[in-house]
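Spelled out from the first residue to the last, the chains are:
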Amino acid sequence: QKEVEQNSGPLSVPEGAIASLNCTYSDRGSQSFFWYRQYSGKSPELIMSIYSNGDKEDGRFTAQLNKASQYVSLLIRDSQPSDSATYLCAVNFDSNYQLIWGAGTKLIIKP
Amino acid sequence: DGGITQSPKYLFRKEGQNVTLSCEQNLNHDAMYWYRQDPGQGLRLIYYSQIVNDFQKGDIAEGYSVSREKKESFPLTVTSAQKNPTAFYLCASSVRGNQPQHFGDGTRLSIL
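Residues numbered from 1 in each chain as written. Chains lettered and ligands numbered in written order. Predicted model: local features only at pLDDT ≥ 70, side-chain atom pairs only at ≥ 80, totals over all residues. Heavy atoms only, no water.

> Can you walk me through the overall build of chain A in this structure?
Secondary structure assignment for chain A yields zero helices and 11 strands. Element order for chain A, N to C, with α for helix and β for strand: β-β-β-β-β-β-β-β-β-β-β. For 111 residues, the compact-globule estimate of 2.2 N^0.38 gives 13 Å, and the C-alpha radius of gyration of chain A, at 13 Å, lies within 12% of that figure. Seen through its C-alpha atoms, chain A measures out along the principal axes to roughly 40 × 30 × 20 Å. (Helix = DSSP H or I, 4+ residues; strand = E, 2+ residues; numbered from the N terminus. Rg over C-alpha atoms; globule rule 2.2 N^0.38 Å.)

Listed below in structure tokens is the structure:
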């Protein structure tokens, strides 16, 4: 069974601090990894894609991938109240067209 | 602007009725997907299509049907066999399987 695990939270972080979100997955053959943000009542929007080991930075967001340990993380620097949302991790385990989704971590940024 | 359009935004179903949710994309993506999301839960795959005139069942296909007659369109029918259809339905598309998926705004389906 291919699984993607996330802590459901809520994760509470003070404004201006670094928020760290983690995701673990079950299959070492996984190829593609994605982080989505979903505001309450809205559809998910893509924040980051990462395909190889290491860090990938985009503005205040950094995705970190460690295939040996089977985890992918998302760091949000200088957290803002507008970052409060549920963050979904999705993994493509092989060349098929399915993404396996985590249940999401609810992030709350406190002013 | 390129994107994915889902309609209607809200839909109400009567007992024993089939309803169809529309999904249209102008991103020229080959792959399209339908997900169901229940409150506080993650996304569950209903059906996906890699190419026109072909589609595969996802994890929760029972009570649902789809068609893919055009590259741009992937409608979902919620049949009367789906006994608990109340949920948020999301349509997505991607260039191909290992590429990011992009979502429409969703349709909220409720029972009358």
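> Looking at this structure, how should I read the confidence of the model for chain B?
It should be kept in mind that the predicted coordinates are not to be read in detail where pLDDT is low. For chain B, the average pLDDT comes to 93, and 99% of its residues sit at 70 or higher. Of all helices and strands in chain B, the one with the weakest mean pLDDT is strand β2 (residues 10-13) of chain B (92), whereas strand β7 (residues 64-66) of chain B scores best (98). (pLDDT = per-residue confidence, 0-100.)

> Could you clarify how one ought to interpret the nonpolar core in this entry?
Inside soluble globular proteins, nonpolar side chains tend to come together where they are buried. One finds Val4, Trp35, Val72, Leu74, Ile76 and Tyr87 of chain A to be the most contacted residues of the largest nonpolar core, which totals 25 residues. If sequence neighbours within four positions are ignored, Val72 of chain A has contacts with Leu21, Asn22, Cys23, Phe33, Trp35, Ile50, Gln64, Leu65 and Cys89 of chain A. Among the nonpolar cores identified, the runner-up in size contains 20 residues, and Leu76, Val78, Tyr89 and Cys91 of chain B belong to it. (Core = buried A, V, L, I, M, F, W, Y, C linked by side-chain atoms within 4.5 Å. Buried < 20%, exposed > 50% of the residue type's maximum accessible area, 1.4 Å probe, protein only. Contact = heavy atoms within 4.5 Å.)

> Looking at this model, I keep getting lost on the interface of chain B and chain A. Mind explaining?
A common way to report how large an interface is uses the accessible area buried once the components associate. Every contact between the two is made by 23 residues of chain B and, on the other side, 20 residues of chain A. Surface buried jointly by chain B and chain A totals about 1,700 Å² across both partners, of which 56% is contributed by carbon and sulfur atoms. The tally of links from chain B across to chain A stands at zero salt bridges. Split by residue class, the side of chain B that touches chain A holds 10 nonpolar, 10 polar and three charged. (Buried area = accessible area lost by both parts, 1.4 Å probe. Salt bridge = Lys/Arg side-chain N within 4 Å of Asp/Glu carboxyl O. Nonpolar A, V, L, I, M, F, W, Y, C, P; charged D, E, K, R; others polar.)

> Where do I start with the pattern of salt bridges in this structure?
In a structure, side chains of opposite charge can pair up when their charged atoms sit close to one another. All names here are of chain B. Using the criterion set out here, one finds seven salt bridges over all chains in the structure. In this structure, Asp38 engages Arg36 in a salt bridge whose closest nitrogen and oxygen atoms are separated by 3.0 Å. Between Asp38 and Arg44 there is a salt bridge, and its shortest N-O distance comes to 2.7 Å. Residue Asp38 is classed as buried on the basis of its relative accessible area of 16%. With relative accessibility at 38%, the residue Arg44 sits in the partly exposed group. Among the charged side chains, a salt-bridge network with shared partners connects Arg36, Asp38 and Arg44.

> Sorry, what's going on with the sheet that holds strand β8 (residues 71-76) of chain A here?
Hydrogen bonding along the main chain pairs the strands of a sheet, whether they run parallel or antiparallel. All names here are of chain A. The five strands lie next to each other as β1-β3-β8-β7-β6, forming an open sheet whose pairing is antiparallel. Since the sheet does not close on itself, it has two edges, and those belong to β1 (4-5) and β6 (54-58), each with one partner. Here β1 runs beside strand β3 (residues 19-25); their pairing, made up of two bridges, is antiparallel. Paired with Val4 across the strands is Tyr25, a residue of β3. (Pairing = 2+ DSSP bridges.)

> Sorry if this is basic, but what is going on with the packing of aromatic side chains here?
Geometry of an aromatic ring pair is reported as the spacing of the ring centres plus the angle between the planes. Evaluated as defined, the whole model comprises 11 aromatic pairs over all chains. Ring geometry for Trp101 of chain A against Phe103 of chain B: centres 5.8 Å apart, planes inclined by 70°, an arrangement best described as edge-to-face. Note that Trp101 of chain A is positioned in strand β10 (residues 100-101) and Phe103 of chain B in strand β10 (residues 102-103), a pairing that runs across two chains. Both residues of the pair, Trp101 of chain A and Phe103 of chain B, belong to the buried class. Members of the aromatic cluster, joined through ring pairs, are Tyr36 and Trp101 of chain A together with Tyr33, Tyr35, Tyr48 and Phe103 of chain B. We note Arg68 of chain B situated over the ring of Phe74 of chain B; from NZ or CZ to the ring centre the distance is 6.0 Å. A cation sits over an aromatic face here: Arg108 of chain B above Phe88 of chain B, 4.1 Å from the ring centre. (Phe/Tyr/Trp six-rings, centres within 6.5 Å; stacked < 30°, edge-to-face > 60°. Lys NZ or Arg CZ within 6 Å of the ring centre and 35° of its normal.)

> Which parts of the structure should I look at to understand the sheet that holds strand β8 (residues 76-78) of chain B?
All names here are of chain B. Read across the open sheet, the four strands follow the order β1-β3-β8-β7; overall the sheet is antiparallel. The open sheet has two edge strands, β1 (4-7) and β7, and neither has a second partner. Here the strands of the sheet are splayed against their neighbours by 20° on average, with no regard to which way each runs. In this sheet, strand β3 (residues 19-25) lies alongside β1 in antiparallel orientation, the contact comprising four bridges. Note that in β3 the partner of Thr5 across the bridge is Glu24. (Axes fitted to C-alpha atoms, helices over the stretch in contact; angles between N-to-C directions.)

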